[in-house]
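Coordinate inspection notes
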Amino acid sequence: MENSHLVRYINDHLAGSVTAIELLDRLIEEPPDAADREFLPMLRNEIEADQQVLKQLLNEVESSENLVRKAAGWLAEKAIGLKLRWDDPDNDGFRLFEALELLALGIWGKRALWRALATLSPMPPAIQRLDLEGLQQRADGQHAAVERRRLLAAREAFSESGAGRR
């Protein structure tokens, strides 16, 4: 039997993953520096793997992706992209800093999802099959990596020269 609140919650996180992947695609398209050439695609692949977990979970609770929420996630990234370009039209590093901050927040939210699912009692079989501890650890690793890069981007974006990595 479908729990409508749980399905909405999972769909909200699925929409967030759409936003994150779109944002990462945008960052990957911009000429990244050497460190980001490996980091950004790796992060994207991991977030896409987490997205697949959410899709499978929805399938197992006999529900489907909410296309309106998914579209909202896509639209949110388009608005974010406009805001980032508005804030840093010359792409002097502030855009990267803000994008990484958004990703860090989203990853922290995803970690909260895995933690919330771990508290369910009784736990639905579809959730019992998940490696929630492993998913939390992956989110911790993603957050730590993004946070390291975000802090470097902050230093670049807020340097006296006002010019960042590009």
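Residues numbered from 1 in each chain as written. Predicted model: local features only at pLDDT ≥ 70, side-chain atom pairs only at ≥ 80, totals over all residues. Heavy atoms only, no water.

1. Some details on the nonpolar core
L43, L57, L103, W114, L117 and V146 are the most contacted members of the largest nonpolar core, which has 40 residues in total. Listed by contribution, the elements that provide at least two residues to this core are α1 (4-29), α2 (34-60), α4 (94-118), α5 (125-128) and α6 (132-157). Considering every element that reaches this core, the biggest residue donor is α4, with ten residues. Sequence-distant contacts of L103, that is, excluding residues within four places in its chain, are made with A20, L23, L24, L27, L43 and V146. (Core = buried A, V, L, I, M, F, W, Y, C linked by side-chain atoms within 4.5 Å. Buried < 20%, exposed > 50% of the residue type's maximum accessible area, 1.4 Å probe, protein only. Helix = DSSP H or I, 4+ residues; strand = E, 2+ residues; numbered from the N terminus. Contact = heavy atoms within 4.5 Å.)

2. What to know about the packing of α1 against α4
The geometry of α1 relative to α4 is characterised by a closest axis approach of 10 Å and an angle of 155° between their N-to-C directions. Relative to α4, the element α1 is oriented roughly antiparallel. The handedness of the crossing between α1 and α4 is left-handed. Contacts between α1 and α4 pair L6, Y9, H13, A20, L23, L24 and L27 from the former with L96, A99, L102, L103, G109, K110, A112, L113, A116 and L117 from the latter. Grouping the amino acids of the contact of α1 with α4 by side-chain chemistry returns 14 nonpolar, two polar and one charged. (Axes fitted to C-alpha atoms, helices over the stretch in contact; angles between N-to-C directions. Parallel < 35°, antiparallel > 145°, perpendicular 65-115°, else oblique. Left-handed = near helix turned anticlockwise from the far one by under 90°. Nonpolar A, V, L, I, M, F, W, Y, C, P; charged D, E, K, R; others polar.)

3. Description of the packing of aromatic side chains
A full pass over the atoms with the stated rule returns three aromatic pairs. Both rings, one in F94 and one in F158, keep their centres 5.9 Å apart while their planes meet at 55°; by these two values the pair is tilted. In this pair, F94 is assigned in helix α4 and F158 in the segment after α6, connecting sequence segments 64 residues apart. The structure contains a cluster of three or more aromatic residues connected by ring pairs, namely F94, F97 and F158. (Phe/Tyr/Trp six-rings, centres within 6.5 Å; stacked < 30°, edge-to-face > 60°.)

4. Some words on unusual backbone geometry
Omega for the peptide link from S121 to P122 comes to -5°, which places this bond in the cis form. Assignment of secondary structure puts P122 in the loop between α4 and α5.

5. What about the packing of α2 against α4?
In the contact formed by α2 and α4, the axes pass within 13 Å of each other and the chain directions differ by 30°. Comparing the axis directions of α2 and α4 gives the class roughly parallel. Along this stretch, α2 crosses α4, giving a crossing that reads as left-handed. Taking contact as the criterion, the partners of D36, F39, L43, I47, D50, V53, L54 and L57 in α2 are, on α4, L96, L100, L103, I107, K110, L113, W114 and L117.

6. Things to note about the side chain of D50
Mapped onto the elements of the fold, D50 is located in helix α2. Given the relative accessible area of 3%, D50 is considered buried. There is a polar contact of 3.3 Å between the side chain of D50 and the side chain of Q142. (Polar contact = N/O pair within 3.5 Å; in protein donor to acceptor, adjacent residues only side chain to side chain.)

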